[in-house]
Amino acid sequence: MRRFVQFVLALALALSSVQAAFADTIYVVQPGDWLAKIAARFGVSPQAILAANNISNPNLIFAGQQLVIPSGGSSPAPTAAPAPTTAPATGGGIYVVQAGDWLSRIAARFGVSLASLMAANNIVNPSLIYVGQRLVIPGQGSSQPQPTAAPQPTAAPTTAPSTGAGGTYVVQAGDWLSRIAARFGVSLSALMAANGLTNPNLIYVGQRLIIPGQGSSQPQPTATATPAPTSQPTQPAPTSNPPPASPGGFELGGHVDTFAFPDLMKYAGMYWVKKQIRWTPGLAASVAGGAISDAHAKGFKILLGVVGNPGDISGGANYDAYAAFVGEVARLGADGIEVWNEMNIDREWPAGQINPGSYTDLLRRAYNAIKAANANTLVISGALAPTGAEGAFGLDHVWNDDRYVRGMAAAGAANYMDCIGIHYNEGIVSPVLTSGDPRNPSNYYSRYYQTMVSTYYNAFGGARKLCFTELGYLSPEGFGPLPAAFSWAGDTSVAEQAQWLGEAANLAKNSGVVRLMIVWNVDFRRYDDDPMGGYSIVRPDNSCRACEELRKVTGGR
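Residues numbered from 1 in each chain as written. Predicted model: local features only at pLDDT ≥ 70, side-chain atom pairs only at ≥ 80, totals over all residues. Heavy atoms only, no water.

**Focus: the overall build of the chain**
For the record, the criterion: In this description a helix means any DSSP run of H or I spanning at least four residues, a strand means any run of E spanning at least two, and both kinds are numbered starting from the N terminus. Categorising residues by exposure relies on relative accessible area from a 1.4 Å probe, with only protein chains included: less than 20% of the type maximum marks a residue as buried, more than 50% marks it as exposed, and the intermediate range marks it as partly exposed. The contact criterion used is simple: two residues touch if any of their non-hydrogen atoms lie within 4.5 Å.
Along its length, the chain carries 15 helices and 14 strands. By residue count, 55% of the 557 residues in the chain fall in the buried class. Taking the intrachain contacts of the chain between residues at least 6 apart in sequence as the baseline, contacts between residues at least 24 apart amount to 74%.

What follows is the structure, encoded as structure tokens:
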């Protein structure tokens, strides 16, 4: 994987904080927020919030940012609305979303309709709620539990339920929906209907599924070990399934060269391994078979990034051939496929043809082929090169990634992906920071982890979660001086690399908006004009300080 050299541009984004005026309110941005949603919550226009905070780009807000809400808004600031200490009777209240919750279940728990709960919280997609989110419970409920206590979801039976009794099951790492359905002896459609699911690929580790009462022999749903399936899964399965992970909709993985350190990866808590395939017209999908088998045999799910040469797709040529290839790779058992890579620059997409609409056409064909071959394969959109270079080189050669990702959303790309691909590999400060980068301009969004997250997530209005297909920090320690194009990372130590990866994983895990984080990288050794080895977490002496920091977040395997 080659890095895209960042160019210094005269960009000045005014993101400074402002003093609140009399009667103004301060609101702290929460994970999953976007500006229009905040404006609607407070009864003011997005333009008023933009003006009050000197924000020029409505996509550039981030979790933890303090926004001035101008006077005139009718809604109280959510940050100042304490959860009641006793259960409200019929007057509404605040409920904090717990792991395993879904919106229709919360509505039923409080005796209100799903529509009224969505309206009270300005929610447009009932699938997009996150752990820790505060929900306003409208006042129609007749019997409400204590909102401030972390409610226990409907208890799973302690013994296998009998025929027709149903039950609940907690999704484990390595599960997919059709496999769970087969394990409990119910149909996939019945399982989806019982849980209000419209996409069988959008389940996550820690989610509690209602098992409808058709099952004839159900294993212990509360057990932490993955129960033995009652029948053979209908889709290709890993040779060795990973053990259960901690509950939550987040998983960790690493991009490998040799895949020589699977035990260190497991120690760090990784369940995914990533490799890249360079497709050309006529290439047989069997080229991926060895990598898939190797990953499954070692107990990992595999993400394959499938990229090609710009000339092979010029003018839309070979789109269908590419789609057929990734479809066959899915049929072989790939757990995830990233469709192309960094298509906003002319090194990866034909010059003069860079356009999110064209890419969305390729993505649509690839998605349909993949899902037809293996409905359980996670489809990730190609991650963009983080860059602000379009002003220097022109749109024939490069699009800034924030412009491009908004174009993808406008072209309907969300309909053809399970997850938004994203890269973050130019950081030289802790991911908990949103200022202080010494480069110019220091406030450009791609400098910081949190503003990258908000830019991509908000571009799609929260319609899809993010999958980091590369997240890494470059350090020359143990390798020697960096080439001039990468001198910006010359002072980053291995200790900082390790600390920042741990902090990024912690932020991702707790954000509610990140599905997957692939560390760039595990074991590359190339160190020349493209110093891949400097990103590796397994250093030249085979030590891995980052593995220790990641384990603190994941608990390891």
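**Observations regarding the environment of Val-136**
Examined against the element boundaries, Val-136 turns out to sit in strand β4 (residues 134–137). Overall, the relative accessible area of 36% leaves Val-136 in the partly exposed class. Taking the C-alpha atoms as reference, Val-136 lies 6.1 Å from Asn-121; in sequence the two are 15 residues apart. Once residues within four sequence positions are removed from consideration, Val-136 is found in contact with Gly-93, Ile-94, Leu-117, Ala-120 and Asn-121.

**What about the pattern of salt bridges?**
Rules: Salt bridges are counted wherever a side-chain nitrogen of Lys or Arg sits within 4 Å of a carboxyl oxygen of Asp or Glu.
Scanning the model with the defined rule gives 20 salt bridges in all. The partner of Arg-347 in a salt bridge is Glu-348, and the shortest N-O contact between them spans 3.7 Å. Put simply, Arg-447 and Glu-426 hold a salt bridge, and the shortest N to O gap is 3.1 Å. Here Arg-447 is found in the loop between β12 (420–424) and α13 (449–459), whereas its partner Glu-426 is found in the loop between β12 and α13, with 21 residues between them in sequence. For Glu-426, a relative accessible area of 2% gives the class buried. Several salt bridges converge on common partners, so that one network encompasses Arg-278, Glu-342, Arg-347 and Glu-348.

**Re the nonpolar core**
Formally: By convention a nonpolar core is built from buried Ala, Val, Leu, Ile, Met, Phe, Trp, Tyr and Cys residues, the set being connected through side-chain atoms within 4.5 Å.
If you look at the biggest cluster of nonpolar residues, it comprises 84 residues, and the most contacted ones within it are Trp-340 and Met-517. Ranked by residue count, the leading element in this core is helix α10 (residues 356–373), at seven residues. Excluding residues within four positions of it along the chain, Met-517 makes contact with Phe-250, Glu-251, Leu-252, Gly-253, Phe-468, Leu-471, Leu-501, Ala-504 and Ala-505.

**A closer look at unusual backbone geometry**
Here the bond from Asn-440 into Pro-441 is cis, since omega is 0°, no more than 30 degrees from zero. Inspection of the secondary structure assignment puts Pro-441 in the loop between β12 and α13. Omega for the bond connecting Trp-520 with Asn-521 falls within 30 degrees of zero, at -5°, which places this linkage in the cis form. The residue Asn-521 is located in the loop between β14 (514–519) and α15 (545–554) in this model. Located in the positive-phi region is Glu-342, a residue other than glycine, with phi close to 50°. Phi is positive for Asn-542, close to 70°, though the residue is something other than glycine.

**Brief notes about the packing of aromatic side chains**
For clarity, the cut-off: Centres within 6.5 Å make a pair out of two Phe, Tyr or Trp rings, where for Trp the six-membered ring is used; the pair is then stacked when the planes are under 30 degrees apart, edge-to-face when over 60, and tilted otherwise. Consider the ring centre and the ring normal. A charge sits over the ring if Lys NZ or Arg CZ is within 6 Å of that centre and within 35 degrees of that normal.
What the rule picks out here adds up to 21 aromatic pairs. Ring centres 6.5 Å apart and planes at 55° place the aromatic pair Tyr-319 and Trp-349 in the tilted group. Separated by 30 residues along the polypeptide, Tyr-319 in helix α9 (residues 319–331) and Trp-349 in the loop between β10 (336–339) and α10 bring together distant segments of the chain. The pair Tyr-319 / Trp-349 is uniform in exposure class, with both members buried. Judged by centre distance (4.7 Å) and plane angle (20°), the ring pair of Phe-479 and Tyr-527 falls under stacked. Taken as a pair, Phe-479 in the loop between β13 (466–471) and α14 (494–511) and Tyr-527 in the loop between β14 and α15 lie far apart in primary sequence, 48 residues in all. An aromatic cluster is defined as three or more aromatic residues linked by ring pairs; in this entry it consists of Trp-279, Tyr-319, Tyr-322, Trp-340, Trp-349 and Tyr-359. The cationic tip of Arg-403 hangs over the ring face of Trp-399; the distance from NZ or CZ to the ring centre is 5.8 Å.

**Section: the pairing of β10**
A regular strand carries its side chains on alternate faces of the sheet. Spelled out, the test is: Here, any two strands with at least 2 DSSP bridges between them count as paired. Orient the strands so they point away from the viewer, and a crossover whose first-strand-to-second-strand path over the helix runs clockwise is right-handed.
Burial along β10 is two-sided: the residues Gly-336 and Glu-338 and Ile-337 and Val-339 are all buried. Where strand β9 (residues 301–308) meets β10, four bridges bridge the pair, whose relative direction is parallel. Bridged to Leu-304 within β10 is Ile-337. Traced from β9 through α9 to β10, the parallel crossover comes out right-handed. Where β10 lies against strand β11 (residues 378–381), four bridges are found, and the strand directions are parallel. Residue pairing across strands places Glu-338 opposite Ile-380, the latter belonging to β11. Assessed by its sense of winding, the connection that carries the chain from β10 through α10 to β11 is right-handed.

**Brief notes about the confidence of the model for the chain**
The cut-off we apply is this: Per-residue confidence from the predictor is reported as pLDDT, which spans 0 to 100.
On average, residues of the chain score 80 in pLDDT, and 75% of them reach the 70 mark or higher. Low pLDDT, under 50, characterises residues 1–23; the predicted model gives this stretch 59 contacts beyond four residues in sequence or across chains. Counted against residues more than four places away or in other chains, residues 214–248, with its pLDDT under 50, gives 98 contacts.

**A few points about the environment of Trp-102**
Turning to its location among the elements, Trp-102 is positioned in the loop between β3 (93–96) and α3 (103–110). We classify Trp-102 as buried; its relative accessible area is 13%. Through-space distance from the C-alpha of Trp-102 to that of Leu-209 is 9.9 Å; in sequence the pair is 107 residues apart.

**Structural notes on the side chain of Gln-497**
Relative to the elements of secondary structure, Gln-497 occurs in helix α14. Overall, the relative accessible area of 1% leaves Gln-497 in the buried class. Gln-497 has contacts with Tyr-473, Thr-492, Gly-534, Tyr-535, Ser-536, Ile-537 and Arg-539, leaving out every residue within four places of it along the chain.

**As for the packing of α9 against α10**
Which entries qualify depends on this criterion: Every axis in this analysis is a line fitted to C-alpha atoms, fitted for helices over the stretch in contact. Angles between the N-to-C directions lie between 0 and 180 degrees. Should the near helix be turned counterclockwise from the far one by less than a right angle, the crossing is left-handed, whereas a clockwise turn marks it as right-handed. Three residue categories are used. Nonpolar comprises Ala, Val, Leu, Ile, Met, Phe, Trp, Tyr, Cys and Pro, charged comprises Asp, Glu, Lys and Arg, and polar comprises the others, including Gly.
α10 packs onto α9 with a crossing angle of 35° between their chain directions and a minimal axis gap of 8 Å. Two packed elements cross with a definite hand, and for α9 against α10 that hand is right-handed. When α9 is examined against α10, the residues Tyr-319, Asp-320, Tyr-322, Ala-323, Val-326, Gly-327, Ala-330 and Arg-331 are found in contact with a partner set consisting of Ser-358, Asp-361, Leu-362, Arg-365, Ala-366, Ala-369, Ile-370 and Ala-373. Residue composition of the contact of α9 with α10, grouped by class: 10 nonpolar, two polar and four charged.

**A few points about the state of the cysteines**
Threshold: Two cysteine sulfurs form a disulfide in these notes if their separation is within 2.5 Å.
On inspection of all chains with the given rule, the structure shows two disulfides. Across a sulfur-sulfur distance of 2.1 Å, Cys-419 and Cys-467 are joined as a disulfide pair. The sign of the 105° torsion about the S-S bond sets the Cys-419-Cys-467 disulfide as right-handed. Of this pair, Cys-419 sits in the loop between α12 (401–410) and β12 while Cys-467 sits in strand β13, and the two are 48 residues apart along the sequence. A residue is classified by how much of its surface remains accessible, and Cys-419, at 0% relative accessible area, is buried.

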